[in-house]
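Read off the chains here:
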Amino acid sequence: MKPLLGTLYLLGMLVPWGLGDDRSRVQHRQEAVDKTPWKNLETYSYNRYHRMEEIYQWMNQISEKHAEVVTQHFLGMTYETRPMYYLKISLPSNNPKKIIWMDCGIHAREWIAPAFCQWFVKEILQNYKDNSKIRRFLTKLDFYVLPVFNIDGYIYTWTTDRLWRKSRSSHDNGKCFGTDLNRNFNASWCSIGASKNCQDLTFCGTGPVSEPETKAVASFIESKKEDIVCFLTIHSYGQLILLPYGYTNNKASNHKELIQVGQKAATALKAKHGTNYKVGSSIDILYATSGSSRDWARDIGIPFSYTFELRDNGTYGFVLPEAQIQATCEESMAAVLSILDDVYEKYWYSNSAGKMTSATVVLSLLVSFMHLL
């Protein structure tokens, strides 16, 4: 039934807005919608914000055009019965590979986040054949990308309220709508920096993983956690690279490593356009939060777990102009590639170096033995 609903939505047979929608309260800027619709990937602009129906179409087309490395997979259904899909970017291999997870748009109003997920996919696909570093990553790593986590909320920001943050689930007999999906994960759920009042922006839901969107992502990540080495969740704004934790002053067992990798990423980011990012635990450099996906991912054993808070520092806030999309994505791409470089070095370069050292020792012993004969 659920895949059928997804198909119906893509075919335009389901209404593209959801429950509790008051279309008379449209607040999004006219410049964001008065654009010529695109027809194919060649005319798709990565310097624009896109409606959800365009992102669905983009996912379909990009997986068709790059079928040798990209597949589109059904993840689950949203509260308003819209399909959630992720893209898997994978070079064919007979060897087991590790996974990099990236999601964007868990908070509906943070439009720059889905724009970056699309940019990331585009950059990988345009460059993996000629860029030796990206090609090297793909020999050992698969990328799983969820371009829009909070689809219902994202659509609502286009139709009704540009600054809507939460999902669109109904609570208290329809008196209030939405859960903060980044307070709904099972990481010290609703203990600090979250609210049990459904009218609040940080409403944590009726229980841990109570929302269908959270449930879909958490179930999938749980099923792959042994293979996921890096979990990246993209937000805005604030220019921060956040690592666990938000719900406690205690540090992750690999805190120093997370800091070092994050600081290197911030340096790579700054080198692109001079943008400064801070690096640290959420509770140290931002505020206390519980129920975040980043903290949950680290708690279940994923070693590298980061939240990116993209541009800016408040001048435009959540309504970052389209003129800044390219620069934001270019510098963020540099930071993500820096993290991937460190992940690769940790899991493969050091291992191969160790194997080389062992082989060298054996060879030396063999040579020494030959001299004794």
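Quick caveat: nothing in here was measured; it's all calculated off a predicted structure.

Parameters and conventions
- Residues numbered from 1 in each chain as written.
- Predicted model: local features only at pLDDT ≥ 70, side-chain atom pairs only at ≥ 80, totals over all residues.
- Heavy atoms only, no water.
- Helix = DSSP H or I, 4+ residues; strand = E, 2+ residues; numbered from the N terminus.
- Buried < 20%, exposed > 50% of the residue type's maximum accessible area, 1.4 Å probe, protein only.
- Disulfide = S-S within 2.5 Å.
- pLDDT = per-residue confidence, 0-100.
- Contact = heavy atoms within 4.5 Å.
- Core = buried A, V, L, I, M, F, W, Y, C linked by side-chain atoms within 4.5 Å.
- Pairing = 2+ DSSP bridges.
- Axes fitted to C-alpha atoms, helices over the stretch in contact; angles between N-to-C directions.
- Salt bridge = Lys/Arg side-chain N within 4 Å of Asp/Glu carboxyl O.

## Considering the side chain of Asp295
Counting through the fold element by element, Asp295 comes out in helix 9 (residues 293–299). Overall, Asp295 belongs to the buried group, its relative accessible area being 0%.

## Comments concerning the state of the cysteines
One pass over the full model with this rule turns up 3 disulfides. The partner cysteine of Cys104 in its disulfide is Cys117, sulfur to sulfur 2.1 Å. Judged by the sign of its S-S torsion, about 85°, the cystine formed by Cys104 and Cys117 is right-handed. Note that Cys104 is positioned in strand 3 (residues 98–104) and Cys117 in helix 3 (residues 112–127), a separation of 13 residues in sequence. Taken in sequence order, the bonded cysteines of the chain link in the pattern 1-2, 3-5, 4-6. Lacking any disulfide linkage, Cys329 is separated from the closest cysteine sulfur, that of Cys104, by 9.0 Å. Judged by relative accessible area, which is 1%, Cys329 ranks as buried.

## Structural notes on the confidence of the model for the chain
Confidence in the prediction of the chain, expressed as mean pLDDT, is 88, and 83% of residues score 70 or more. Segment residues 1–36: pLDDT under 50, and 66 contacts once partners within four positions in sequence are set aside and those in other chains are kept.

## What to know about the nonpolar core
Ranked by size, the top nonpolar core spans 98 residues in total, and within it Trp58, Trp101, Phe143, Ile221, Tyr306 and Phe308 carry the most contacts. Ranked by the residues each element gives to this core, the list is headed by helix 10 (residues 325–372), at 11 residues. Sequence-distant contacts of Trp101, that is, excluding residues within four places in its chain, are made with Leu75, Tyr144, Leu146, Val217, Phe220, Ile221, Ile228, Cys230, Phe231 and Leu232.

## Topic: the sheet that holds strand 9 (residues 278–281)
With mixed pairing, the 8 strands of this open sheet are ordered in space as 1-2-4-3-7-10-8-9. In the strand order of this sheet, the two ends are held by strand 1 (70–77) and strand 9, each with one partner. Looking at each pair of strands side by side, their axes are set apart by 20° on average, direction ignored. When strand 2 (residues 83–89) meets strand 4 (residues 141–146), the two strands line up antiparallel, connected through 3 bridges. Across the sheet, Ile89 pairs through a bridge with Phe143, a residue of strand 4.

## Considerations on the pattern of salt bridges
Tallying each qualifying case throughout the model produces 18 salt bridges. Two residues, Asp295 and Arg294, come together in a salt bridge whose shortest N-O distance is 3.0 Å. As far as the burial class goes, Asp295 and Arg294 line up, both buried. Arg311 is the salt-bridge partner of Glu331, the closest N and O atoms lying 2.7 Å from each other. With a gap of 20 residues between them, Glu331 in helix 10 and Arg311 in the loop between strand 10 (304–310) and helix 10 connect regions that are remote in the sequence. Here Glu331 matches Arg311 in class, with each residue buried. Salt bridges sharing partners connect three or more residues here, namely Lys133, Arg136, Asp341 and Glu345.

## Some words on unusual backbone geometry
In this structure, Tyr237 follows Ser236 across a cis peptide bond, with omega equal to 0°. Here Tyr237 is to be found in the loop between strand 7 (228–236) and strand 8 (240–243). Its identity is not glycine, yet Thr81 carries a phi of approximately 55°, on the positive side. With respect to the element layout, Thr81 can be found in the loop between strand 1 and strand 2. Accessibility expressed as a relative area gives 33% for Thr81, which makes it partly exposed. Positive phi, normally seen in glycine, also occurs at Ser188, with a value near 50°. Mapped onto the secondary structure, Ser188 falls in the loop between strand 6 (176–177) and helix 6 (212–224). On the basis of relative accessibility, which here comes to 32%, the residue Ser188 falls in the partly exposed class.

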